[in-house]
Amino acid sequence: MIKKFPYYSPMMIIFLFIANTSFGQHPSEIGDGVLSNDIWWQWPIVLFSFSIFVGFMATLSGIGGAIIYVPFVSSIFPLHLDYIRGTGLVIALTGALYASPDLLKNGLANLRLALPFALIASISALFGAHFGLSLDPKIVQLSLGILLLFIVSLMLISKKSEFPVVEKSDRLSEFLKIGGVYHEKTTSEDISWKIHRSPFGLILFFIIGFLAGMFGIGAGWANIPVLNLVLGTPLKIAIGTSKLILSVTDTSAAWVYLNSGSILPLVTIPSVLGMIIGTKLGVKVLLKTNPAKVKWVVIILLLLSSIVSIIKGLQVR
Amino acid sequence: MNQRNQALLGQLAYAKIVYRLANIGIIAMTLSYILYITGYPKPFLPIGKLIQLWEKRSTEFIEITQMPLGFDLIHHLSQSDVISLISIIFVSSITIVGYINMLPYFIKENDLPYTLIIVFQIIVFILAACGILSFGDH
């Protein structure tokens, strides 16, 4: 029984406990000046440790760190949602920047595929970021909770297709010469691929970019299914190219948050650094762990955060 | 040099510069943060005060603290919180530099659609970075 229970779950419980007790206190409850000045250093440590945990879980479950970070931190830390979303974007951006070079060098990300969709998503991310920052935070929190429920259902029902069949590429993708060949190491085969339904894909990426900018949650959860299931990109190319699109989308949205003062280095930097360390630890453990079990832990975590987000969103001031 | 090679070179040029700058960005963030939390040099806004205000939304926070934003940051380069923020701005600029770096490869290739996509993307980035693409006050 004990063996079946993932060993990182107690870590989560400890974090939740700590965050909900002493650290979860509102700064105004802590007191003015002296006391809060004395204990400020605890915040970066908690955020840093929490982000290590998030990065670790995100890697093992194969979803982006920001999607766990934003709802969780907004549920348990007394920070305004503006700064949490800003940090979420920088987390997703840094992770994508870190991963993209290797993916491009190994041919697992495709620039010709990424550029047109990234352009559309980056424009809508600007709209989404401005819209999100202009809305009442309670509405954003409530919408985030609902979106998380949708993401959880997507994680439960969506099926991935390793090599989708594309009978005929559409005119737009032919014009843009999107397609290619990649070497599949597991079978030592050269896989030729092309895409279809590009115009529909552009519309979907507009929506994805908007949501990514509005909630600061990255967009890997949506990029991959759209690239893979709608456009017909092989799964590995979809995963790699998703990171590339993410780096472009989040760059434009991050600037909106930067220019509106919604990024606080005290919060953002320990979170980003913790996430990088957590990701590296996760990669090491990934080989020895059953990803299916981790995925269930993440689904439960997301469900809990969605419930907390909905409750917080519905609370009367 | 055929078209496929030029496109591949563009892809590799992007990967190379992003890799280098991402590593520099991480180091810059770490070092600037150490300066920030040790208080050398002094931040624009004391950390204790920041923590008391971080439950307020960003517009209100900026109004109360008068924290510099955008190009005003240049006048506060001797303050540790501004230095830390600049390290984040650096990371947020990496993709833009990557795009500028790969543009010549697509021009050489005479690939008009992609050259236009890249140019348009760079314009979107620059307008967003300058705060010009603002759709009303928050």
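Overview of the structure.

Regarding its fold elements, chain B presents five helices and zero strands. When its helices and strands are written in sequence order, chain B yields α-α-α-α-α. Relative to its length of 138 residues, chain B is extended, with a C-alpha radius of gyration of 19 Å against a globular reference of 14 Å. Along the longest, intermediate and shortest principal axes, the C-alpha atoms of chain B span 60 × 35 × 25 Å. When each of the 138 residues of chain B is scored for burial, the buried share is 36%. Contacts in chain B between residues at least 24 apart in sequence constitute 69% of all its contacts with a sequence separation of at least 6.

This brings us to the overall build of chain A. Of regular secondary structure, chain A possesses 14 helices and two strands. Per-residue burial for chain A yields a buried fraction of 55% across its 317 residues. The long-range share in chain A, meaning contacts at least 24 apart out of those at least 6 apart in sequence, stands at 83%.

All names here are of chain A. In the sheet, strand β1 (residues 179-184) pairs with strand β2 (residues 189-194) via six bridges, with the strands oriented antiparallel. Bridge pairing links V181 to S192 in β2. What sits between β1 and β2 in their antiparallel hairpin is a turn of four residues, with S188 showing a positive phi close to 55°.

With that out of the way, let us pick up helix α7 (residues 111-134) of chain A. Residue and element names in this part refer to chain A. Taking 1.5 Å of rise per residue, the 24 residues of α7 would be expected to cover 34 Å, and the 33 Å separating its terminal C-alpha atoms lies within 8% of that figure. The largest bend in α7 is about 30°, located at A118. Extensive coverage of α7 is indicated by the burial of 21 of its 24 residues.

Right, let's get into the packing of helix α10 (residues 198-215) of chain A against helix α12 (residues 235-259) of chain A. Packed helix pairs are specified by the crossing angle of their axes together with the interaxial distance, meaning the distance between the axes. Residue and element names in this part refer to chain A. For the pair α10 and α12, interaxial distance at closest approach is 9 Å and the crossing angle is 40°. Taken together, the axis directions place α10 and α12 in an arrangement best described as oblique. Handedness of the α10/α12 crossing: right-handed. Seen from α10, the contacting residues are G209, A212 and G213; seen from α12, they are T249, D250, A253 and V256. Of the residues belonging to the contact of α10 with α12, the class tally is three nonpolar, three polar and one charged.

A separate point is the interface of chain B and chain A. Contacts between chain B and chain A engage 56 residues on the former and 59 residues on the latter. Elements supplying a minimum of two residues to the side of chain B that touches chain A: α1 (3-38), α2 (47-53), α3 (58-65), α4 (80-108) and α5 (112-129) of chain B. In terms of residue count, α1 of chain B provides more of the side of chain B that touches chain A than any other element does, 15 residues in total.

All names here are of chain A. Inspection of the secondary structure puts I300 in helix α14 (residues 291-314). A residue is classified by how many C-beta atoms lie within 10 Å of it, and I300, with 13 of them, is partly exposed. In this structure, the C-alpha to C-alpha distance between I300 and V152, residues 148 residues apart in sequence, is 8.8 Å.

Interaxial distance between α12 of chain A and α5 of chain B falls to 8 Å at its minimum, and their mutual angle equals 25°. Taken together, the axis directions place α12 of chain A and α5 of chain B in an arrangement best described as roughly parallel. Note on element contacts: α5 of chain B touches α12 of chain A through Q121, V124, F125, A128 and A129 of chain B, opposite V248, T251, S252, W255 and V256 of chain A. Split by residue class, the contact of α12 of chain A with α5 of chain B holds seven nonpolar, three polar and no charged.

Attention now goes to unusual backbone geometry. A cis amide bond, omega -5°, links Y40 of chain B with the succeeding residue P41 of chain B. With respect to the helices, strands and loops of the structure, P41 of chain B is situated in the loop between α1 and α2. Of note in this structure, K177 of chain A is not a glycine but carries a positive phi near 55°. With respect to the helices, strands and loops of the structure, K177 of chain A is situated in the loop between α9 (171-175) and β1. Phi angles above zero are rare outside glycine, and Q66 of chain B is one such case at about 60°. Here Q66 of chain B lies in the loop between α3 and α4. Of the residues examined, Q66 of chain B has 10 C-beta atoms within 10 Å and is grouped as exposed.

Rules of the game
- Residues numbered from 1 in each chain as written.
- Chains lettered and ligands numbered in written order.
- Predicted model: local features only at pLDDT ≥ 70, side-chain atom pairs only at ≥ 80, totals over all residues.
- Helix = DSSP H or I, 4+ residues; strand = E, 2+ residues; numbered from the N terminus.
- Rg over C-alpha atoms; globule rule 2.2 N^0.38 Å.
- Buried ≥ 20, exposed ≤ 12 C-beta atoms within 10 Å, placed from the backbone.
- Contact = placed C-beta atoms within 7 Å.
- Pairing = 2+ DSSP bridges.
- Expected span 1.5 Å × (residues − 1).
- Bend = angle between axes of the 7 residues up to and from the residue.
- Axes fitted to C-alpha atoms, helices over the stretch in contact; angles between N-to-C directions.
- Parallel < 35°, antiparallel > 145°, perpendicular 65-115°, else oblique.
- Left-handed = near helix turned anticlockwise from the far one by under 90°.
- Nonpolar A, V, L, I, M, F, W, Y, C, P; charged D, E, K, R; others polar.

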